[in-house]
Amino acid sequence: MAVAFLALLLLLLLSGSPPSAFAAGDGEHGYTLVEISSLQEKDVCSGHRVPVPPNRTWVPLSLLHGSCSPASSARAKPTLAELLRHDEHRVEDIHRRLSGFADEKRKKIKKRAAGSMSTQMNSGPVLDVNMGTLSSTSSQSEVVFQPTATGGSSIRRRWRPPGVRQTVMVDTASDVPWVQCRPCSKPPCRSFDPARSNTYAAFRCNSTDCARLGPNANGCFRNQCQYRASSPDGLTSTGTYGSDVLAIGPARTIRRFKFGCSRAMRGSIGSAAAGGIMALGGGAQTTLVAQAASAFGNAFSYCIPPTPSYPGFFTLGSPIAAASRRFVRTPLVRDGRSPATFHRVLLRAVSVAGRTLDVPPQLFAAGTVLDSRTTITRLPLTAYQALRAAFRSSMAAYRKAPRKGILDTCFNFTGVPVVNLPKVALVFDRNAVLELDPSGILFNDCLAFASNADDTAPGILGNVQQQTIEVLYDLATSSVGFRRLAC
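Please read these numbers as outputs of a predicted model, since none were measured by experiment.

(A) Spotlight on the UniProt feature "active site" (unreviewed entry) in the protein chain. Under the UniProt annotation, the feature "active site" (unreviewed entry) is placed at Asp 171 and Asp 371. Across 201 residues of sequence, these annotated residues stay compact in space, with a maximum C-alpha separation of 7.5 Å. When you line up the elements, Asp 171 lands in strand 6 (residues 164-171). With near-sequence residues (within four places) excluded, Asp 171 lies in contact with Arg 90, Ser 231, Pro 232, Ile 277, Met 278, Ala 279, Leu 280, Gly 281, Asp 371, Ser 372 and Arg 373.

Structure below.
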């Protein structure tokens, strides 16, 4: 096999063909040739890699500090160490919320982490929406410069909605949408001013909408309903709960969209250009998908790009019938014993280089949380150890490098332009097989997985493993779909 691979690599280098078009041997060998530079971020936004899906609520999505993000120049990009520390904090909080209780040891660890870390939203996907209808502006068309997949550009005219553009974090583990409002608590910030919107209204304290906040209700102030929303990474927002017009996608609006108008935050949002949270959890009537269900259907999807140099997309509603057949589907887990906020599925097996790991299925019994803002996927300890051993064996030809935080399987690819990478696939309930993109296997030249502390806590499917995959949350059928090579 080594001779065949060297011959194929020589052919690749001489032909100048893109490495993604080749595989090492036939499919049963379970390897693919990957150009290392294709996994690295570039300084400019490269445009969409594939045609965008036909959906009336399609809107571009980007990674917070990437070159395609509106927040890219607003704040220094976090270091890898900062990102991984933030990731650990978020994972710990998700596990705490799912367990419902903690022993004294875990409480002490949590207390130390909260006291020693400055919480901020360092990573994850963002999108632009428009809030309100300002009296000084009107809906009109605008000329936009659109990068294309071929590296060129196109100029077209599109409808520009009224109101204030807000860059919000896509968060599948939050239940209450909110944006920063003027006066903002930590200037500079791009904030929504409810006093300038003709259509904004705060809910009264005795209103049905205020009651629907449930545990997120935070009392009453001047007969205006108050909310308190917290994300799994410790970011907390408080303020007034009200409604206004939300524009998302081309010429599509949600009237009387209910959201929090944040007056105070605990923690940092990670960028002066990021203005809030677009909540997409599964446990409340207050989320974006629940509020939009009557108009678009009780479903949403997104595709996170392979690197921050490309845009992805976000959609509301189910895909058209022809596109729907391209998804592999697995049921959502709803057991009633843990918060419905989290979208959970059952992972059954993992394969490396075409070989299924020798791991008992009961290790995955706690389920796996799909999270848009956890970076690195977490597996039960025993499952991760098996994955690591198989991956190291498959990558034995490459020089090892020191670990990087929680990433303990790293390589030195200096002088190695193309890597023969073992394929990694996740097998979910009902035999939904998801082969990961190379960008979901290597992260900063390391295996992009980490372990839980033991085998009892739920796994978490992070956004690195979701890259290039359209993840469909079909709440109407209580299932999740995966479509590869979507962005």
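(B) Region of the structure containing the packing of aromatic side chains. For the coordinates displayed, the defined rule picks out 12 aromatic pairs. Between Tyr 398 and Phe 413 the ring centres are 5.7 Å apart and the planes differ by 75°, which places this aromatic pair in the edge-to-face class. One end of the pair, Tyr 398, is in the loop between helix 7 (381-394) and strand 22 (400-401); the other, Phe 413, is in the loop between strand 23 (410-411) and strand 24 (418-422), with 15 residues separating them in the sequence. Using a relative accessible area of 14% as the deciding quantity, one classes Tyr 398 as buried. Using a relative accessible area of 7% as the deciding quantity, one classes Phe 413 as buried. Within the aromatic cluster, the residues linked to one another by ring pairs are Phe 192, Tyr 200, Phe 257 and Phe 259. Cation over ring: Arg 49 sits above Tyr 310, and NZ or CZ is 5.5 Å from the ring centre.

(C) Structural context of the state of the cysteines. Within this structure, the stated rule accounts for six disulfides. Each disulfide pairs two cysteine sulfurs, and for Cys 303 the partner residue is Cys 487, the sulfurs being separated by 2.0 Å. Since a negative S-S torsion denotes a left-handed disulfide, the Cys 303-Cys 487 link at about -85° is left-handed. Taken together, the residues span a long stretch of sequence, with Cys 303 in strand 14 (residues 299-303) and Cys 487 in the segment after strand 32 (479-483) at a distance of 184 residues.

(D) Structural context of helix 7. Taking 1.5 Å of rise per residue, the 14 residues of helix 7 would be expected to cover 20 Å, and the 20 Å separating its terminal C-alpha atoms lies within 8% of that figure. For helix 7, the full list of buried residues reads Ala 383, Tyr 384, Leu 387, Phe 391 and Ser 394. One side of helix 7 carries all its buried residues, which in axial view fall inside an arc of 95°.

(E) Region of the structure containing the pairing of strand 18 (residues 347-352). Burial runs high along strand 18: five of the six residues are buried. Summarising the sheet, strand 18 and strand 25 (residues 424-428) pair through five bridges and their orientation is antiparallel. By the bridge assignment for strand 25, Val 352 is matched with Val 424. As judged from the two bridges shared by strand 18 and strand 19 (residues 355-356), these two strands associate in the antiparallel manner.

(F) Up close: the side chain of Asp 408. Here Asp 408 lies in the loop between strand 22 and strand 23. Reaching out from Asp 408, the side chain makes a polar contact with the side chain of Arg 388 at a distance of 2.8 Å. If sequence neighbours within four positions are ignored, Asp 408 has contacts with Tyr 384, Arg 388, Arg 392 and Arg 403.

(G) Representation of the environment of Ser 393 in the model. Considering the arrangement of structural elements, one finds Ser 393 in helix 7. Here Ser 393 falls in the exposed class, since its relative accessible area comes to 56%. Expressed as a C-alpha distance, the spacing of Ser 393 and Pro 422, which sit 29 residues apart in the sequence, is 10.0 Å.

(H) View of the sheet that holds strand 26 (residues 432-435). Taken together, four strands build an open sheet; the order of strands is 19-18-25-26 and the sheet is antiparallel. At either end of the open sheet lies a strand with only one pairing partner, and these are strand 19 and strand 26. Bridge count between strand 25 and strand 26: four bridges; the pairing is antiparallel. Across the sheet, Phe 428 pairs through a bridge with Ala 432, a residue of strand 26.

(I) Expanded view of the pairing of strand 10 (residues 224-230). When strand 9 (residues 217-221) meets strand 10, the two strands line up antiparallel, connected through three bridges. Across the sheet, Ala 217 pairs through a bridge with Tyr 227, a residue of strand 10. The turn linking strand 9 back onto strand 10 is made up of two residues, and Arg 222 within it adopts a positive phi angle of 50°. Inspection of the sheet shows strand 10 paired to strand 11 (residues 236-247) by five bridges, in the antiparallel sense. By the bridge assignment, Ser 230 is partnered in strand 11 with Thr 236.

Procedures and definitions
Residues numbered from 1 in each chain as written. Predicted model: local features only at pLDDT ≥ 70, side-chain atom pairs only at ≥ 80, totals over all residues. Heavy atoms only, no water. UniProt positions renumbered as here; feature names shortened; annotations may be inferred. Helix = DSSP H or I, 4+ residues; strand = E, 2+ residues; numbered from the N terminus. Contact = heavy atoms within 4.5 Å. Phe/Tyr/Trp six-rings, centres within 6.5 Å; stacked < 30°, edge-to-face > 60°. Buried < 20%, exposed > 50% of the residue type's maximum accessible area, 1.4 Å probe, protein only. Lys NZ or Arg CZ within 6 Å of the ring centre and 35° of its normal. Disulfide = S-S within 2.5 Å. Expected span 1.5 Å × (residues − 1). Arc of directions from axis to C-beta. Pairing = 2+ DSSP bridges. Polar contact = N/O pair within 3.5 Å; in protein donor to acceptor, adjacent residues only side chain to side chain.

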